[in-house]
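This is what each chain is made of:
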Amino acid sequence: MQHLIREKALKLANSKVVKGFYPTLIAMQTKTTIQETEEVLEQLVAEGEIKRKHQLLCHNDNCLRQLDMVNNIEDLKSEYSCDFCGEEMEEVLPEYIRHFYTGKDK
Ligand SMILES: [Zn+2]
């Protein structure tokens, strides 16, 4: 199963049309758990085969638009406001940060 996860992840990461992907997609496609998928993805990150980014979503559950995308979690700002719904965030809550994986050259 790990082999299949790797294969799918590398295909998506190196795709010219796909910007990147979430672990949920691979977990669904390979019928594995998100945890198991993330473990393999983290291995690929450690090997330098793919890159992991942190995507910050708007904290308004009816909006959830992307507010920021950074390589390192420390690069997130301390405050955000959403241009779409007007939500003001005085702190970043971890549950609104998602892992987003992409190719090493993207
Ligand atoms: Zn919003």
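Residues numbered from 1 in each chain as written. Predicted model: local features only at pLDDT ≥ 70, side-chain atom pairs only at ≥ 80, totals over all residues.

Asker: I would appreciate a short explanation of the overall build of the protein chain in the present structure.
Answerer: Across its full length, the protein chain holds three helices and five strands. Mapped from its N terminus to its C terminus, the protein chain presents α and β elements in the order α-α-α-β-β-β-β-β. The C-alpha extent of the protein chain, read off along each of the three principal axes, is 45 × 25 × 25 Å. Buried positions account for 17% of the 106 residues belonging to the protein chain. In the protein chain, the proportion of contacts linking residues at least 24 apart, taken out of those at least 6 apart, comes to 54%. (Helix = DSSP H or I, 4+ residues; strand = E, 2+ residues; numbered from the N terminus. Buried ≥ 20, exposed ≤ 12 C-beta atoms within 10 Å, placed from the backbone. Contact = placed C-beta atoms within 7 Å.)

Asker: Which parts of the structure should I look at to understand the packing of helix H1 (residues 2–13) against helix H2 (residues 23–30)?
Answerer: Relative orientation and spacing of two packed helices are given, respectively, by the angle between their axes and the distance between those axes. Where H1 contacts H2, the two axes come as close as 10 Å, and the packing angle between them is 130°. Classified by the interaxial angle, the pair formed by H1 and H2 is oblique. Note that H1 runs across H2; the crossing there is right-handed. In this structure, H1 uses Leu 4, Ile 5, Lys 8 and Ala 9 to contact H2, whose residues at the interface are Ile 26, Gln 29 and Thr 30. Here the contact of H1 with H2 is built from residues that sort into four nonpolar, two polar and one charged. (Axes fitted to C-alpha atoms, helices over the stretch in contact; angles between N-to-C directions. Parallel < 35°, antiparallel > 145°, perpendicular 65-115°, else oblique. Left-handed = near helix turned anticlockwise from the far one by under 90°. Nonpolar A, V, L, I, M, F, W, Y, C, P; charged D, E, K, R; others polar.)

Asker: Would you take a moment to explain H2 for this structure?
Answerer: For an α-helix the count is 3.6 residues per turn, leaving residues at separations of three or four pointing the same way. Inspection of H2 places Pro 23, Ile 26 and Thr 30 among the buried residues, and these make up the whole buried set. Seen from one end, H2 has its buried residues packed into an arc of 65°, which puts them on one side. For H2, the secondary structure elements touched by its buried residues are H1, helix H3 (34–46) and strand E5 (97–103). Backbone geometry just after H2 places Lys 31 at a positive phi near 55°. (Arc of directions from axis to C-beta.)

Asker: Just to check I follow, could you spell out the sheet that holds strand E1 (residues 50–57) for this structure?
Answerer: Pairing between the strands of a sheet is mediated by backbone hydrogen bonds and can be parallel or antiparallel. The strand order across the open sheet formed by three strands is E2-E1-E5, and the pairing between neighbours is antiparallel. Either end of the sheet is taken by a strand with one partner, and the two such strands are strand E2 (66–70) and E5. Averaged over all neighbouring strand pairs, the angle between strand axes comes to 30°, with direction disregarded. Across four bridges, E1 lies against E2 in antiparallel orientation. (Pairing = 2+ DSSP bridges.)

Function cannot be inferred from these measures alone, as they are strictly geometric.
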